[in-house]
Amino acid sequence: MNVERISPAELARPSGFSHAVSATGRMVFLAGQIGMDRDGKVVGGGIVPQFEQAFGNLLTALTAAGGHPADLVSLTIYLTDVEDYQAHGQEIGAVWRRLAGTDYPAMAGVGVTRLWLPEALVEIQGIAAISR
C-alpha cells in the first residue's frame, strides 16, 4: 500500500477525514471541480447533489490518471455556505462512502464568498499518490 492514514492518540478521533497521510508513488494534482455536469451546467438541488457531482468529477479525473479513491492523500473543499454543508453532513458522508468507501484523506473545508460560477456551492480540489 502506498498510503498510510495516521491518527495520533493525542488528537481527537477524526470523523470523515484523516489527521495526517503519508504516501509514496506518482503524485497527481487534481484541479478544483464544481458540481458541473458533462454538458457544462451546474446541477441544481442544493449542496448534496452539487457535492456528489463535484466529487464524482474529481474521481473521474483521478481514474483517468490511473488512480482510485484510496489514493487520495489531500482534499480541500471550498464552500459558499459552511452551515449548509454542516447541516447536510450525514447525507454528504453517505455520498462519500458510496463513491469512495471509508478511506479519508487529510482534508480541509474552507468557507468562501463565491466560486468561479455564481451558482456553484462547492468546489473540491485534491492530491493523490498513485502506486506505480
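Before reading further, recall that the structure is shown in the block above.
Since the structure is predicted, the reported quantities are computational estimates derived from the model, not experimental observations.

Notes on the packing of helix α1 (residues 47-64) against helix α3 (residues 89-100)
And then number 1: Packing of α1 against α3 brings their axes to within 10 Å, and their N-to-C directions diverge by 25 degrees. Comparing their axes, α3 and α1 come out roughly parallel. Here α1 and α3 pass one another in a crossing that is right-handed. Here Ile-47, Val-48, Phe-51, Glu-52, Phe-55, Gly-56 and Leu-59 of α1 come into contact with α3, specifically with Glu-91, Ile-92, Val-95, Trp-96, Arg-98, Leu-99 and Ala-100.

Notes on the environment of Glu-123
And then number 1: Structurally, the position occupied by Glu-123 is in strand β6 (residues 122-130).
And then number 2: When the C-alpha atoms of Glu-123 and Gln-50 are compared, they prove to be 8.8 Å apart, with 73 residues separating the residues in sequence.
And then number 3: With residues up to four places along the chain from it excluded, the contact list for Glu-123 reads Gly-32, Gln-33, Ile-34, Thr-76, Ile-77, Tyr-78 and Leu-115.

Notes on the sheet that holds strand β4 (residues 72-79)
And then number 1: Pairing is mixed in the open sheet, where four strands are placed in the order β3-β6-β4-β5. Edge strands, defined here as strands with exactly one partner in the open sheet, are β3 (26-34) and β5 (106-111). The sheet shows a mean angle of 10 degrees between the axes of neighbouring strands, direction not considered.
And then number 2: Pairing between β3 and β6: seven bridges, direction antiparallel. Considered in β6, the bridge of Ile-34 is made with Glu-123.
And then number 3: Contacts from α1 reach β3, β4 and β6, with the element oriented near 30 degrees to β6.

Rules and cut-offs
- Note on numbering: residues in each chain are counted from 1, in written sequence order.
- Residue-level local features of this predicted model are given only where pLDDT is at least 70; pairs of side-chain atoms are given and counted only at 80 or more, and the full residue set underlies all totals for whole chains, interfaces and linings.
- The side-chain quantities take in all heavy atoms of the structure and omit both hydrogens and water.
- Interaxial angles span 0 to 180 degrees and are taken between N-to-C directions of axes, which are lines fitted to C-alpha atoms, for helices over the stretch in contact.
- Starting at the N terminus, helices and strands are each numbered in turn, a helix being any DSSP run of H or I of at least four residues and a strand any DSSP run of E of at least two.
- By the definition adopted for this analysis, an angle is roughly parallel if under 35 degrees, roughly antiparallel if over 145, roughly perpendicular if from 65 to 115, and oblique otherwise.
- Handedness of a crossing is defined here by the sense of rotation of the near helix relative to the far one, left-handed for an anticlockwise turn of less than a right angle and right-handed for a clockwise turn.
- Residue contacts are counted whenever heavy atoms from the two residues lie within 4.5 Å of one another.
- For two strands to be treated as a pair, DSSP must find at least two bridges joining them.

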